[in-house]
Amino acid sequence: MKSESLDDKKQAAGMTRTGVRMAIISNRMESIARKMQNTLFRTARSGVLNTAHDFSCVILTADCELLASAESLPIHTLIGPDLMCQAVRKYHPEMKAGDCFLHNSPYEGDSHAADHCLIVPVVDEDGVVRFFVLAKAHQADCGNSKPTTYMGQAADVYEEGALIFSAAKIQSEYKDNQDLIRMCRTRIRVPEQWWGDYLATLGAVRIGERELLQLGREVGWEALEDYADGWFDYSEQKMIQAIQRLPSGKATVHSAHDPLPGVPDGIPVKVTVNVDSVEGRISVDLRDNVDCQPCGLNLSEGCARTAAMIGIYNGLIDHGVPPNAGSFRRIQVDLRENCVVGIPRHPYSCSVATTNLADRVSTPVQRAIAEIAPGFGMAETGPIMPPAMGVISGRDPRTGEAFVNQIFLGITGGAGTPVTDGFLTIIHAGNAGLCRQDSIEVDELHHPLFVSERRLIPDTEGAGKFRGAPSIYAEFGPIEDCTMQVIYTADGTVNPALGARSGGPGGNSKAFKRELDGTLTSLPACHGAMLEPGEFIVSHSAGGGGYGSPVERDPERVLSDLREGLITAERARTVYGLVTTGADAVGPLAVDRSATQAMRASLKAQERSA
Amino acid sequence: MRLACDTGGTFTDLVVEDGNEIRLFKASTTPDDPVRGVLNALALAAEHYGEEQRSFLGKAEMFIHGTTRAINAILTGNTARTAFLTTEGHPDVLVIREGGRIEPFNFTVPYPEPYVPRRLTFEVPERIEANGTVRKPLDEAAVIAIAEKLKALKVEAVGVCLLWSIVNGEHEKRVGDLLAKHLPGVPVTLSHELNPTLREYRRASATVIDASLKPLMFQYLDSLTNRLREAGFTGRTLMVTSGGGIMDAEAVARAPIHSINSGPAMAPVAGRYYSDRDFDGLAAIVADTGGTTYDVSLVRDGRIPWTRETWIGQRFRGHMTGFPSVDVKSIGAGGGSIAWVDDGGLLRVGPQSAGSTPGPVSYGKGGAEPTVTDCSLILGYIDPDFFLGGTMVLDRAAAATALKTKVADKLGLSVEEAAAAVFTLATEKMVGAIDEITVNQGIDPATAVLIGGGGAAGLNAVAVGRRLGCAGVLIPEAGSVLSAAGALMSDVSSDYAQMLFTTSRRFAFDEVNGVLAGLEERCRVFAQGPGAGALKVTVEFSVEARYAHQIWEIEVPMASGRLDSPADLEALKQAFHDTHQSIFEINDPGSDIEFVTWRAKVQCQLREGGTGQLPIQKADGAALERRDIYFSRTGWVDAEVVRFESMPSGAPVAGPAIIESSFTTVVVDPDTNAVRTQGGGLRITFQ
């Protein structure tokens, strides 16, 4: 509660002036979050952090509201950091400067157990908690029962096996609690790698703390509180304006995760989206879905809420809305206790909560918005996680040392939007393309791995006025004298990413093993493949869905895709209705305007009669 | 006499160094024929010295040139039709890149197009493994068939980047030979020769960018050298490079990627000299303010930091040059940045810029959006009648009207309050850019001096320095032409690298010494060729290393070019731990260290002691000037206006004050002191 005098002062200063001050402080806040990120990226030891950039750094207010997140992974950050800070407050009502908490409980705000969070309260000279800084980093290993951080087949948290920390105080007075450090070192594979990543993450939160303390001394803590209020109000206004560009409407959209062990029929997901343009509000109802399932796919509460919100922020097509607690005020996400896309009940496992089923919530939400509001929303983003995004492990014959790490050797999946083609390297809806793709040379140097092929696959884009990203092919295996395990949990082998507003589906994901004789054997969608030297695993990522009818695509863009080998002549003709003249070999290939028009008219007629 | 000339987007800067004196000249850049702008600047200089251009140029032994020619060709898509040859199975190296994206919820920006389209990409049947072993031999017949296709497609340049060519370059070399034979006359760039660095995307990117620049840069440099010769110049023509050194123009024509970042790369070279001369060699934050960009770089312990992640355009949206380059961070903030209020009532500055055309409102060239330059006019910082020494009269009233309607009224502020707010926000953006680079390099701004370069630097350099808590601010006497001044201080230099992976636990002494000997030999050849006649030749060795499991190497200087004993290795390990601590605040002495790339840099020094001084002019006896200037802290104040050219060294000027020269204006805030140093720069400290 603010005192009246402060409100009066604000009035006297004139509300419009806050626009100036707010702009300045929000620049400061974003650069603090970026500083935290830079530190973590450049000093981390595992590939998943220092190559793939799978981590996030955020600032929250003292009442645990998300304030600044720089460029963090959406699925990591929208909702979850707030719940985790609340957990820290609940268990540690007294906090001091120098405290740091390790938290990864998916039952209390974390996304999944592999995302270790370090949370530091920013305490001023008078001992008052002013902010929280939080760094969340996906571990290369988190002590699961198998060498993977995605235990899709785990019936419960016991079979999953991760060490679960609930607001555990890992530092007091800036010194490590060695008890926790020893626990991690004993349980987590390749402990030196974990230790290096812990140091990097700690560096990030401590730098954030130092910078915020300096900012507080400079401008005063009350002014900062005032800023946060103003920034949230501004963000809420921007959100209202964005929502009011959409018409009101309601849509229920179905989606489904592929079958996998523990859920032989797959997991259907139903989302109901309601846009209230007059009031400037959007709600998503996820309650009419099945209970928690005996597998690792159950969403944590943080991921369930965030996944729905990602669909909304993607669908607004207005990146001027700051994603923080202020704009969140205009969103309502209804969840149910013990629901597979709701609030998980212990001991159901949430091992894979950030990716597979979360995307099956985000993508129908963005598609529902497209159905309600032409020119908004998006098609479905390609589901993950094919073998090229699996966790590899084994013993490196070059050094004799054990290795375990997640690789990012080729994942695409961007959905067509109302204004652009699918972003090729989006990875998945919750990631937004912020993670990187591995360099072949870096992977071959770091791991006993050989990548024989990596290329885009023609005709796998979700066709549309704005098409989805195509699938990518990757083939890799162990080097001589090495046996390698690749564990992955692929969705999208049965249910592709669907298009929106008459757009087509993206290509399916696939997995094969190339045997010693060169033949291909199909592999299950959720699997741990053991590869001997000379054997390879083949991965097809899922393509993204298209937005709008392909016969409305600018013929020049179709021509460009054809010339670039992203689509074949057959598909250009039968799906996009493109007729060309000439050929690249003998003269310029060009659009035959009138023949294309005629072809498209007949395709439209066929579509109508079908 | 030596000449240094930097062709920027708006102005062509010339510095003439005659013995121990320098003189500065500025002409407009002529984008249709940039050599004309160079000749115009030379004509201004000849006139100043009262000589015919021919006899003036005849006295110059060296012409050092920086240009935005290459970068502009890339940005406007006017490069050669280039093909990309890659290892079989990996055609999409330039398409997939290294992933990454900015602005998670911004779907209005499409995925970037590859630098070379897929239809001009060709897979070469061959494969080398990480340890250099040939897994699949090169199929020469297939290469010849590709050459025939390239001919039919009328390809004008070829970039070849095969996997692991940095460990074993035989296949790339052979492809180069076959192309020379079967595709004669078409320039080719081989990745292991140009940029032997790990990570195939950035190496391939550098390779195709370099190839695509070859035809046009050859033509440009040919035209430049010919026209200089026709005008009477008989000396040596050198080009400044992205690496902060200078190279013969012919060498740059053979590897034109060196010239991509040539302008900004010179600023830290100049900054290092000025910090040494005027601020006891403190770490220097060098900020170069242009019309549209603000370039920041750092110098610490006399070393200029390098980066391998230079982007053309925005990070992840443009193309990575992948080429070692002086680490310069550019943000879209400058005198031309536009001030506006968004629909949520928030003040914004940039990223849109009015550029040099139409330019700020006050230029009267059709600009309608208020810019930072317009605000500095409103606040009294710039004298509308004395801009660029009076060569251009500015319209203050028009600036004020535009700012009132577009910004001040919307925020409920007075015009000067709004202008001051714009300045504060622009300052904050610059501070943010500096913060990011200081974190990356681990420098505490409190122990550093901020060096302001560029014509507009002085307007808020003091404010930026104060906000960062710097030890002081320095505006060098040649600050307005910082890059050209830096070019005069540069050495003729070259940089060689070779990859050899080894670790501290199993250190391969013999192989490492073999690599170092090879690098040293290449330096020696360079010193006897392009470096012949230098006053001094230095060869510095360094290694890029990291802790086991880390991925981003840091560069560690080596004490000598050989590692003969375990004690030498211990010293190198300690140097690594120390460097890591100094950059990241942490180290891990128990961890194994991985050594990846070995480097040698040869520098051939041409001149003793930086560059000459700008002579101090006698005061012309005109009455002391004063004018009202505005700060948000104080409101309007009456301030002294001092002519920089006639400021004697040692005499302090207390803020609030304005110090003006023909090329720049320095705002001295209240509670700060400015003094001209013995060397000639303006040293500003906070009370």
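Predicted model, so just to flag it, every value in this text is computed and none were measured.

## Re the overall build of chain A
Phase 1: Scanning chain A for helices and strands turns up 16 helices and 22 strands.
Phase 2: Its C-alpha radius of gyration of 25 Å places chain A within 12% of the 25 Å reference for a compact globule of 610 residues.
Phase 3: Taking the principal axes of its C-alpha atoms as reference, chain A extends roughly 75 × 65 × 45 Å.
Phase 4: Within the span of chain A, comprising 610 residues, buried residues form 62% of the whole.

## Observations concerning the overall build of chain B
Phase 1: Summing up its helical and strand segments, chain B has 17 helices and 34 strands in all.
Phase 2: Its C-alpha atoms give chain B a radius of gyration of 26 Å, within 12% of the compact-globule value 26 Å for 687 residues.
Phase 3: The principal-axis extents of the C-alpha atoms in chain B amount to approximately 80 × 60 × 60 Å.
Phase 4: Here chain B, with 687 residues, has 54% of them falling under the buried criterion.
Phase 5: A separation of at least 24 residues holds for 67% of the contacts in chain B among residues at least 6 apart in sequence.

## Notes on the sheet that holds strand β31 (residues 657-660) of chain B
Residue and element names in this part refer to chain B.
Phase 1: Reading across from one edge, β28-β29-β31-β32 is the order of the four strands in this open sheet, with mixed pairing throughout. The open sheet is flanked by β28 (625-631) and β32 (665-668), the only strands paired with a single partner. Each neighbouring strand pair of the sheet contributes to a mean axis angle of 30°, computed without reference to strand direction.

## Comments concerning the domain arrangement of chain B
Residue and element names in this part refer to chain B.
Phase 1: Domain boundaries assigned for chain B yield domain 1 (2-74 + 228-259), domain 2 (80-217), domain 3 (263-491 + 606-687) and domain 4 (492-605).
Phase 2: Taken over C-alpha atoms, the centre of domain 2 sits 28 Å from the centre of domain 4.
Phase 3: Taken residue by residue, the interface counts five residues in domain 2 and five residues in domain 4.
Phase 4: A class-by-class count of the residues in the side of domain 2 that touches domain 4 yields four nonpolar, one polar and no charged.

## As for helix α15 (residues 482-489) of chain B
Phase 1: Here α15(B) lies mainly inside the structure; eight of its eight residues are buried.
Phase 2: Looking only at α15(B), the buried set comprises B:L482, B:S483, B:A484, B:A485, B:G486, B:A487, B:L488 and B:M489.

## Describing the nonpolar core
Phase 1: Counting 401 residues, the largest nonpolar core has A:L40, A:A135, A:V361, B:V15, B:V158, B:L403 and B:V422 as its most contacted members.
Phase 2: Ranked by residue count, the leading element in this core is helix α13 (residues 415-441) of chain B, at 13 residues.
Phase 3: Aside from chain neighbours lying at most four places away, what touches B:V158 is B:T82, B:A83, B:L85, B:L150, B:L179, B:V186, B:V188 and B:A211.

## Quick word on unusual backbone geometry
Phase 1: Here A:H346 and A:P347 are connected by a cis peptide whose omega angle stands at 5°.
Phase 2: Along the chain, B:G655 connects to B:P656 via a cis peptide bond; the corresponding omega equals 5°.
Phase 3: As for its position among the elements, B:P656 is in the loop between β30 (652-654) and β31.
Phase 4: Residues other than glycine seldom take positive phi values, yet A:A70 does so here, at roughly 40°.
Phase 5: Note that A:A70 resides in the loop between β2 (66-68) and α4 (74-77).
Phase 6: Judged by C-beta crowding, with 19 C-beta atoms within 10 Å, A:A70 ranks as partly exposed.

## Re the sheet that holds strand β23 (residues 472-475) of chain B
All names here are of chain B.
Phase 1: Pairing is mixed in the open sheet, where eight strands are placed in the order β19-β14-β13-β22-β23-β34-β33-β30. Each edge of the open sheet is held by one strand with a lone partner, namely β19 (329-331) and β30. Adjacent strand axes in the sheet meet at a mean angle of 20° when their direction is disregarded.
Phase 2: In this sheet, β23 lies alongside strand β22 (residues 448-453) in parallel orientation, the contact comprising three bridges. What sits directly across from I451, in β23, is L474.

Each value, and the rule that gives it
- Residues numbered from 1 in each chain as written.
- Chains lettered and ligands numbered in written order.
- Predicted model: local features only at pLDDT ≥ 70, side-chain atom pairs only at ≥ 80, totals over all residues.
- Helix = DSSP H or I, 4+ residues; strand = E, 2+ residues; numbered from the N terminus.
- Rg over C-alpha atoms; globule rule 2.2 N^0.38 Å.
- Buried ≥ 20, exposed ≤ 12 C-beta atoms within 10 Å, placed from the backbone.
- Contact = placed C-beta atoms within 7 Å.
- Pairing = 2+ DSSP bridges.
- Axes fitted to C-alpha atoms, helices over the stretch in contact; angles between N-to-C directions.
- Domains from an automatic or database assignment.
- Nonpolar A, V, L, I, M, F, W, Y, C, P; charged D, E, K, R; others polar.
- Core = buried A, V, L, I, M, F, W, Y, C linked by C-beta atoms within 7 Å.

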